[in-house]
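# Reading the structure
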Amino acid sequence: MNKLFKIKQALFVITVTLIVSCNQSQNKTNRNLVDNPFEKKVDSILNLMTVEEKIGQLNLPVSGDIITGQAQSSDIAKEIEEGKVGGLFNIKSVEKIKEVQKIAVEKSRLKIPLIFGMDVIHGYETTFPIPLGLSCSWDMELIKKTAKMAAQEATADGINWTFSPMVDISRDPRWGRVSEGSGEDTFLGSEIAKAMVKGYQGDDLTKNNTMMACVKHFALYGAPEGGRDYNTVDMSRMRMYNEYLPPYKAAVDAGVGSVMASFNEIDGIPATGNKWLLTDLLRNDWSFNGFVVTDYTGIYEMIHHGMGDKYDVAALALNAGVDMDMAGDSPVIPAAFIKTLKQSVENGKVSMQNVDAAVKRMLTAKYQLGLFDNPYKYCDENRAKTEVFTKENRAFARQVASQSMVLLKNDNDILPLKKSAKIALVGPLAYTKENMAGTWSVATKQDESITLLEGIKDVAGKNATVLYAKGSNLSYDKDFEKIATMFGREIPRDGRTDEQLRQEAVNIAAKSDVIIAAIGESSEMSGESSSRSDISIPQAQKDLLKALVKTGKPIVIVLFNGRALVLNEESKSATAILDVWFSGSESGHAIADVLFGDVNPSGKLTSTFPRSVGQIPLYYNHKNTGRPLGNKEGKFEKFKSNYMDVPNEPLYPFGFGLSYTKFDYSNLKLSANQLNADSNIEIYVDVTNSGEFDGKEIVQLYIRDLVGSVTRPVKELKGFQKVEIKKGETRTVSFKLTVEDLKFYNYNLDFVAEPGDFDVFVGANSDASLKSQFELVE
Ligand code: BGC
């Protein structure tokens, strides 16, 4: 198993860690469990349980270190036997899981099976692009299939519950966890949330190849002040309802089985203890009937938030609506359900009714998964041998990876490269298996990841000349390098001087036709607890690039990154930039597929790339202010809303991405110019492939509500379609809008559409300029 688990645990001990219809589903309710078919069975077990056994069902210890054969005698085995454990997380392999499950169902008094959870975030052993990269495919079927395949592999290895999808909207790339989400947009994020839940859970959780999903981090975790992880969140209810909450709601409407409470506070109350959030909104308004788990030591952390002592915070969490306590039973964690709830029940701080409600939800989940019928249903050794990290799965991972890449620049059509080219491959990310999978890939087969050097050699074949030089270390700063390559994601430091490293790169560049510079972030420069205040490429790599520019050879940057970066210099000096994120097990092959034109890039950004950190938060669907700029060029205007030293515009807008071919948009037409509650409007646009390659284009539809009872965004994505268009061909792409698509939460938090005029824009990114208008009438 990946080192991440162990290191994370150790750290924790020390620090105490064709979308045509554009309906958002705000007003649908989740009916998946309203009539609980297992209620009678659950009640009959509940009637037999002691208080200790009940509290035990709410306990989720971390046990990544169970060694087969030793589980029988370990502390955790004793706890399971005594009915003090509801599930385990971070335990991998059928053998180990079978062994501990056996203790639960054969030795504990009530024989209640355990659930087994893990962070299966972007694939399992076969690893797909980081979620931010995956979202750039804008391909819901593809995304759903990645979740389905992840479930297939993880369940073959004994796991039945994943802590995914992470649907936190974020507009702050300083926050390292943007890498784990789907970017800045509510509409796209909601579609992806649904696709992921459906992919993991399928339509039948009792099958042995589907798993329970857990939407996280509820809620608003992506909006920490200053982009610093775990920091305070404070926002208006209108913003919550319109911009941040819909993706969680979409997951609930898609039937997600569990929800993870976030670390941050909301309106002054940490999410883990926030009854408004976990009960009033989630259960009462949204009809969620699954269970809520804390994020790691969320209960204990409420002591630091200033919510009281260990009894207070555990009671607060239970009473707010938390069902399961993750990682609370570690010896260094005083505040946990298992350590405090009994006393709190006895002295009335917590009612037995609330404990029972939580236990019922946990037992129901186990029934839903079919564990009472067959606790070993995920323990088929044959599946573990034949269904994980297969050739077919890796082939799919290669395909997915190439769909996530975004071509940001391609001057003189330098890309695609000829397979006979003489290539100088340089950069600290060119040859590092450890940094291909990306953050939060705990089960990845790191040693079998394909590096860029290997990928280029494999794809280019024998006619190419590929010379390699590292060119620079990740950073000049050794200490920074250490914290940027944790959890076994090393990039060993090269002991030569910076000048020597650069000179070697310049020497091979001189012998080549083109330079490929594999630069950017290491995989652990994004992810949890990896916030950055400076989101540019480290100086050592910038200096390498400067030296390469002086050679006069064309430079293709292959950009590795877990977040939007500030790329002002690079966007000027490089001939081409291909953003590859961290694209998983088959990265090297997939990047080479794109570089050599076997795949024409089609990814589009799902997060805005700013020109400077000072512009953050910068996102396309902002409000207009009372003093918007009067010029389109972004020139400074006194007493208007702008900066003296940087334009308002981003470097690369949301939705942006180039192709090797060219798409022209024309003939925007609407089927009507009025819409009412019973009608719809169809929107048509012609997209012509006028370039030299067949290609895929992501056609985007935006609207603007011109007048409202509250201020409305300048643009909102309301539809998109990914279409394949052969060279020379024109496709008419159509969208449909209904009144549902025009609804928003008003000042009273009523979900309404207000009559009036709307602009509609269609185009290749959020700067779409083809524009028409319609009116919503009563
Ligand atoms: C993270 C979660 C994750 C959990 C379990 C926490 O630190 O915030 O996203 O699911 O650990 O590993």
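What follows covers the pairing of strand S12 (residues 422–426). Most of S12 sits out of view: four of its five residues are buried. With five bridges connecting them, S12 and strand S13 (residues 465–469) associate as parallel partners. Bridging across to S13, Lys 422 finds its partner in Thr 465. Handedness of the crossover is the feature at issue here: the chain leaves S12, passes through helix H18 (residues 452–460), returns alongside S13, and the resulting connection is right-handed.

The next point concerns the site of the ligand. Close to the ligand lie 14 residues, the nearest being Asp 119, Arg 177, Lys 216, His 217 and Asp 295. At 2.5 Å from an oxygen atom of the ligand is found a side-chain nitrogen or oxygen belonging to Asp 119. Lys 216 places a polar side-chain atom, nitrogen or oxygen, 2.8 Å from an oxygen atom of the ligand. Contact with the protein chains removes 99% of the 310 Å² of surface that the ligand exposes when unbound.

Attention now goes to helix H20 (residues 498–510). The periodicity of an α-helix, 3.6 residues per turn, causes residues three or four positions apart to be oriented the same way. Over its 13 residues, H20 extends 18 Å from the first C-alpha to the last, a length consistent with the 18 Å expected when each residue adds 1.5 Å. Along H20, the residues that are buried comprise Leu 501, Arg 502, Ala 505, Val 506, Ile 508 and Ala 509. Each buried residue of H20 lies within a common arc of 165° when the element is viewed along its axis, so the set occupies one face. Residues of H20 that are buried sit in contact with S12, S13, strand S14 (514–520) and helix H21 (539–549).

Right, let's get into the nonpolar core. Counting 144 residues, the largest nonpolar core has Trp 161, Phe 218, Leu 245 and Phe 337 as the members making the most contacts within it. With near-sequence residues (within four places) excluded, Phe 337 lies in contact with Ile 55, Leu 58, Ile 299, Ala 314, Ala 317, Leu 318, Val 322, Asp 323, Met 324 and Asp 325. Ranked by size, the runner-up nonpolar core spans 76 residues in total, among them Cys 136, Ala 430, Leu 474 and Ile 591.

Glancing now at the domain arrangement of the chain. Entries for the chain in the domain assignment read domain 1 (398–614) and domain 2 (663–776). Here the C-alpha centre of domain 2 lies 35 Å away from the C-alpha centre of domain 1. If you look at the interface, domain 1 gives five residues, while domain 2 gives nine residues. Across the domain 1 to domain 2 interface the summed buried area is about 590 Å²; carbon plus sulfur atoms make up 48%. Contact with domain 2 buries surface across domain 1, with Asn 600, Ser 602 and Lys 604 losing the most and accounting together for 71% of the total. Between Lys 604 and Glu 697 there is a salt bridge whose closest N-O contact spans 3.1 Å. On the surface where domain 1 and domain 2 come into contact, there are five residue pairs in polar contact (both at pLDDT 80 or more). Across the side of domain 1 that touches domain 2, the residue classes break down as one nonpolar, three polar and one charged.

It is worth spelling out the sheet that holds strand S22 (residues 730–738) at this point. Taken together, three strands build an open sheet; the order of strands is S17-S19-S22 and the sheet is antiparallel. Each of the sheet's edge strands pairs with one partner strand only, and the pair in question is strand S17 (663–670) and S22. Averaged over all neighbouring strand pairs, the angle between strand axes comes to 20°, with direction disregarded. Both S17 and strand S19 (residues 680–689) contribute to a ladder of six bridges, which runs antiparallel. In the strand pairing of S19, Lys 669 is matched with Tyr 684.

Moving on, we come to the confidence of the model for the chain. For the chain, mean pLDDT is 94; residues scoring 70 or higher make up 94% of the total. Segment residues 1–33: pLDDT under 50, and 102 contacts once partners within four positions in sequence are set aside and those in other chains are kept.

What follows deals with the packing of helix H9 (residues 237–244) against helix H11 (residues 275–285). The N-to-C vectors of H9 and H11 enclose an angle of 50°; their axes lie 15 Å apart at closest approach. Compared by their axis directions, H9 and H11 come out oblique. As H9 runs across H11, the sense of the crossing is right-handed. Touching Arg 237, Met 240 and Tyr 241 of H9 are Trp 276, Leu 281 and Asp 285, all from H11.

Okay, the packing of helix H7 (residues 140–156) against helix H17 (residues 391–404) next. Where H7 meets H17, the closest approach of the two axes is 11 Å, and the angle between their N-to-C directions is 150°. You can see that H7 and H17 cross each other, and the crossing is left-handed. The segment H7 lies against H17, with Leu 142, Lys 145, Thr 146, Met 149 and Glu 153 engaging Asn 393, Phe 396, Gln 399, Val 400 and Gln 403.

A full pass over the atoms with the stated rule returns 49 salt bridges. Lys 342 serves as the salt-bridge partner of Glu 52, at 3.0 Å between the closest nitrogen and oxygen. With Glu 52 in helix H3 (residues 51–57) and Lys 342 in helix H14 (residues 337–346), this residue pair connects regions lying 290 residues apart in the sequence. A relative accessible area of 34% places Glu 52 in the partly exposed class. A single salt-bridge network, built from bridges that share partners, covers Lys 92, Glu 125, Asp 157, Arg 394, Lys 445, Glu 448 and Glu 586.

Turning next to the pairing of strand S6 (residues 258–261). The alternating pattern of S6 places Ser 258 and Met 260 and Val 259 and Ala 261 on opposite faces, both of which are buried. For strand S5 (residues 214–218) and S6, the ladder comprises three bridges, and the chain directions are parallel. Pairing of Val 215 across the sheet is with Val 259, part of S6. Inspection of the sheet shows S6 paired to strand S9 (residues 291–293) by three bridges, in the parallel sense. When the sheet's bridge partners are listed, Ser 258 is paired in S9 with Phe 291.

To continue, consider helix H8 (residues 186–201). The terminal C-alpha atoms of H8, which comprises 16 residues, lie 22 Å apart, in line with the 22 Å expected from a rise of 1.5 Å per residue. For H8, a buried count of 14 out of 16 residues is recorded, marking the element as mostly surrounded by other parts of the structure. Structurally, the start of H8 carries an N-cap: the backbone nitrogen of Phe 187 is 3.2 Å from a side-chain oxygen of Asp 185. With its phi angle positive at about 55°, Gly 202 sits one or two positions after the end of H8.

A word on the layout of surface pockets. For the largest pocket, the calculated volume is near 1,300 Å³. Contributing to the lining of the largest pocket are 35 residues, with His 622, Asn 624, Asn 648, Glu 649 and Val 714 lying nearest its centre. Looking at the lining of the largest pocket residue by residue, the classes come out as 13 nonpolar, 13 polar and nine charged.

In this section: the sheet that holds S13. Across the sheet, six strands lie side by side as S11-S16-S15-S14-S12-S13; this open sheet has mixed pairing. Two strands close off the open sheet at either side, each with one partner strand: strand S11 (406–410) and S13. For this sheet, the mean angle separating the axes of adjacent strands, direction not counted, is 20°. By the bridge criterion, six bridges tie S14 to strand S15 (residues 555–560) in an arrangement that is parallel. Residue Ile 519 lies in a different strand from S15, and its bridge partner there is Leu 559.

This part takes up a positive patch on the surface. Positive charge collects at one region of the surface, where Lys 144, Lys 145, Lys 148, Lys 198 and Lys 207 lie side by side. Looking at the positive patch, the element that brings in the most residues is H7, giving three residues. As for its position among the elements, Lys 145 is in helix H7. The class for Lys 145 is partly exposed, based on a relative accessible area of 44%.

Procedures and definitions
Residues numbered from 1 in each chain as written. Predicted model: local features only at pLDDT ≥ 70, side-chain atom pairs only at ≥ 80, totals over all residues. Heavy atoms only, no water. Buried < 20%, exposed > 50% of the residue type's maximum accessible area, 1.4 Å probe, protein only. Helix = DSSP H or I, 4+ residues; strand = E, 2+ residues; numbered from the N terminus. Pairing = 2+ DSSP bridges. Right-handed = clockwise from strand over helix to strand, strands pointing away. Near = heavy atom within 4 Å. Polar contact = N/O pair within 3.5 Å; in protein donor to acceptor, adjacent residues only side chain to side chain. Areas by Shrake-Rupley, 256 points an atom, 1.4 Å probe, with all protein chains shown as cover. Expected span 1.5 Å × (residues − 1). Arc of directions from axis to C-beta. Contact = heavy atoms within 4.5 Å. Core = buried A, V, L, I, M, F, W, Y, C linked by side-chain atoms within 4.5 Å. Domains from an automatic or database assignment. Buried area = accessible area lost by both parts, 1.4 Å probe. Salt bridge = Lys/Arg side-chain N within 4 Å of Asp/Glu carboxyl O. Nonpolar A, V, L, I, M, F, W, Y, C, P; charged D, E, K, R; others polar. Axes fitted to C-alpha atoms, helices over the stretch in contact; angles between N-to-C directions. pLDDT = per-residue confidence, 0-100. Parallel < 35°, antiparallel > 145°, perpendicular 65-115°, else oblique. Left-handed = near helix turned anticlockwise from the far one by under 90°. 1 Å grid on protein atoms, 1.4 Å probe; cavity = no way out; pocket = protein on both sides within 12 Å on 5 of 7 lines; lining within 4 Å. Points joined across faces, edges and corners; volume = space filled by probe spheres on them. Patch = residues over 30% accessible without salt bridge, like charges linked within 9 Å, V, L, I, M, F, W, Y side chains within 5 Å. Lys, Arg positive; Asp, Glu negative; His and termini not counted. Charge placed at Lys NZ, Arg CZ, Asp CG, Glu CD.

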